[in-house]
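Here is what each chain is made of, one letter per residue.
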Amino acid sequence: MSDLVEPRTADITYETAEPVLYETEGPIAWVTMNRPTFNNAQNSQMTYALDDAFRRAVDDDAVKVIILRGAGKHFSAGHDIGTPGRDVNKSFDRRLMWADHTNKPAAEMLYTREHEVYLGMCRRWRDIPKPTIALVQGACVAGGLMLAWVCDFIVATDDAFFQDPVVRMGIPGVEYFAHAFELPPRVAKEFLMMGERMPAARAEQFGMVNKVVTRDELEGAGRAMAEKLAQYPRLGLWLSKQAINHVEDLRGKRTAMDAHYHMHHFAHAQNDLTTGNTLGGQDAKSMAAANKKQAGEA
C-alpha cells in the first residue's frame, strides 16, 4: 500500500517565457526579474530561471560581480500566491537533493517543495562564490526579502520599503528566516509581528541596507559598486565572503533557519486543518489590500 497520492496537475498560464533576463557588461552580470505585470512575484518558473542565471554567471570567468534587480515599479511582491502563473503544483527538474512534491500527501507536499524552491535555493544562492548586489526599488515584500537578503550588498531607493506581513496568515515569517540576523532582536520582532513596512532609510540605520539612493541613481550606484569590487582578486573576494558567512553560521543562522522552517510548516498545517487553506484563507488580493490599508493608502 502506497502513501503517495495521484500527482497533482496544474492549470497555469505564464505571461512570459522569460521570467528572468540575463546580460553582461564587462565584469558585471545583470540578472533581472522580469514579471513586472505581477510586481515580480516569485513562482517556480522564476525560481529555476534565477538559478539558471546565477549558474551562468558563476560559470563565466569573465564575470566578477552579479547584480540582481527587478523590472518595473517594484523589486518583488514576494511569493506568487495568486497570478495565472502560480505553479505550486507543477514538477520541475530539481537542483537539490529533494524529491518531487506533486505526489506527496497533505502537509508533506509543501514541506517537500519549499525545501527546494525557497529555503534550499536561497541557501544555494547565498553561497555563490562571487559578490552579489541587490538593487531594490519599491516593494520588497515577504519572499522578496529572501531574494535581497541572500545578496552580499543591498542598494535601495529612497521610496523602497521592506515588509514581511505573513503573520496575517498565521505564519511566523518567510522560509529563509534571516530576520533576527538582519535586524536587532526587538526590531526584528516589531518587523515580523507588526508586519509593517520598513522604509529603506530605517533599514539602512540597522545595516540591512548598504546605501539609499534615488530611483534615477539606482542603476549607476549598483554599477559603481560592482566596478569597484571587480578590481579586487577573485579568490580574495570569495574568501572574504566565506569568512563573514561562516561567522553568521557560528552565531546560529543556519540552525535558526532549520528550526524556524518546521515552525513555518506547522503553521501551514494548522491553517489547513482549521481553514482548509494553507495560507489561512488569504490570497494575493486580500494581502495586498490589507497591506495598503495598514500603510494608509487608498
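These numbers were taken from a predicted model, which means no experiment stands behind them.

## Remarks on unusual backbone geometry
Notably, N40 is not glycine yet its phi reads approximately 55°, a positive angle. The topology assignment puts N40 in the loop between β2 (28–33) and α1 (44–59). The exposure class assigned to N40 is buried, which follows from its relative accessible area of 0%.

## Quick notes on the environment of A288
Relative to the helices and strands, A288 resides in helix α10 (residues 284–294). Looking at A288, the relative accessible area reads 34%, which means it is partly exposed. For the pair A288 and Q205, spaced 83 residues apart in the sequence, the C-alpha separation amounts to 27 Å.

## A closer look at the nonpolar core
Core analysis: the largest hydrophobic core is formed by 65 residues, its most contacted members being V31, L50, L68, V136, F162 and Y176. The element best represented in this core is α1, accounting for 8 residues. If near-sequence neighbours (up to four positions away) are discounted, V136 is found in contact with F75, A148, I154, V155, A156, T157, A160, F162 and L218.

## Overview of the environment of F54
Inspection of the secondary structure puts F54 in helix α1. What makes F54 buried here is its relative accessible area of 5%. Here the alpha-carbon distance between F54 and I67, two residues 13 residues apart in the chain, equals 9.8 Å. Residues in contact with F54, not counting those within four places in the same chain, are V31, I66, L68, W125 and I128.

## Notes on the sheet that holds strand β9 (residues 211–213)
The sheet built from 6 strands is open, its strands ordered β1-β2-β3-β4-β6-β9 with mixed pairing. Each edge of the open sheet carries a strand with a single partner, namely β1 (20–25) and β9. Pairs of neighbouring strands in the sheet enclose a mean axial angle of 20°, with direction left out of account. Inspection of the sheet shows strand β4 (residues 132–136) paired to strand β6 (residues 153–157) by 4 bridges, in the parallel sense. Counted as the bridge partner of A134 is I154 from β6. Together, β1, β2 and β3 (65–70) form the strand contacts of α1, whose direction differs from that of β1 by roughly 15°.

## Remarks on the packing of α1 against helix α2 (residues 106–126)
Packing of α1 against α2 leaves a shortest axis separation of 11 Å and a crossing angle of 30°. Here α1 is positioned roughly parallel relative to α2, judged by the angle of their axes. Here the hand of the crossing between α1 and α2 comes out left-handed. Between α1 and α2, the residues in contact are S44, T47, Y48, L50, D51 and F54 and R113, E116, V117, M121, R124 and W125, respectively. Its residues placed into classes, the contact of α1 with α2 shows 6 nonpolar, 2 polar and 4 charged.

## Comments concerning the packing of aromatic side chains
In the structure shown here, the tally under the stated rule is 3 aromatic pairs. When the centroid spacing of 5.0 Å and the interplanar angle of 15° are considered together, the rings of Y48 and F92 count as stacked. With Y48 in helix α1 and F92 in the loop between β3 and α2, this residue pair connects regions lying 44 residues apart in the sequence. The pair Y48 / F92 is uniform in exposure class, with both members buried. Ring geometry for Y111 versus Y261: centroids 5.4 Å apart, planes at 50°, classification tilted. Placement of Y111 in helix α2 and of Y261 in helix α9 (residues 253–275) is noted, with a sequence separation of 150 residues between them. We note R197 situated over the ring of F161; from NZ or CZ to the ring centre the distance is 4.1 Å.

## Remarks on helix α7 (residues 215–229)
Along its 15 residues, α7 runs 22 Å from first to last C-alpha, staying within 8% of the 21 Å computed at 1.5 Å per residue. Residues of α7 that are buried include every one of L218, A221, G222, A226 and L229, and no others. Each buried residue of α7 lies within a common arc of 125° when the element is viewed along its axis, so the set occupies one face. Of the exposed residues in α7, those oriented more than 90 degrees away from the buried face are D216 and K228.

## Some thoughts on the environment of P165
The residue P165 is located in the loop between β7 (161–163) and α4 (179–182) in this model. For P165, a relative accessible area of 3% gives the class buried. Leave out the neighbours within four places in its chain, and P165 touches V141, A142, G195, M287 and N291.

Parameters and conventions
- Residues numbered from 1 in each chain as written.
- Predicted model: local features only at pLDDT ≥ 70, side-chain atom pairs only at ≥ 80, totals over all residues.
- Heavy atoms only, no water.
- Helix = DSSP H or I, 4+ residues; strand = E, 2+ residues; numbered from the N terminus.
- Buried < 20%, exposed > 50% of the residue type's maximum accessible area, 1.4 Å probe, protein only.
- Core = buried A, V, L, I, M, F, W, Y, C linked by side-chain atoms within 4.5 Å.
- Contact = heavy atoms within 4.5 Å.
- Pairing = 2+ DSSP bridges.
- Axes fitted to C-alpha atoms, helices over the stretch in contact; angles between N-to-C directions.
- Parallel < 35°, antiparallel > 145°, perpendicular 65-115°, else oblique.
- Left-handed = near helix turned anticlockwise from the far one by under 90°.
- Nonpolar A, V, L, I, M, F, W, Y, C, P; charged D, E, K, R; others polar.
- Phe/Tyr/Trp six-rings, centres within 6.5 Å; stacked < 30°, edge-to-face > 60°.
- Lys NZ or Arg CZ within 6 Å of the ring centre and 35° of its normal.
- Expected span 1.5 Å × (residues − 1).
- Arc of directions from axis to C-beta.

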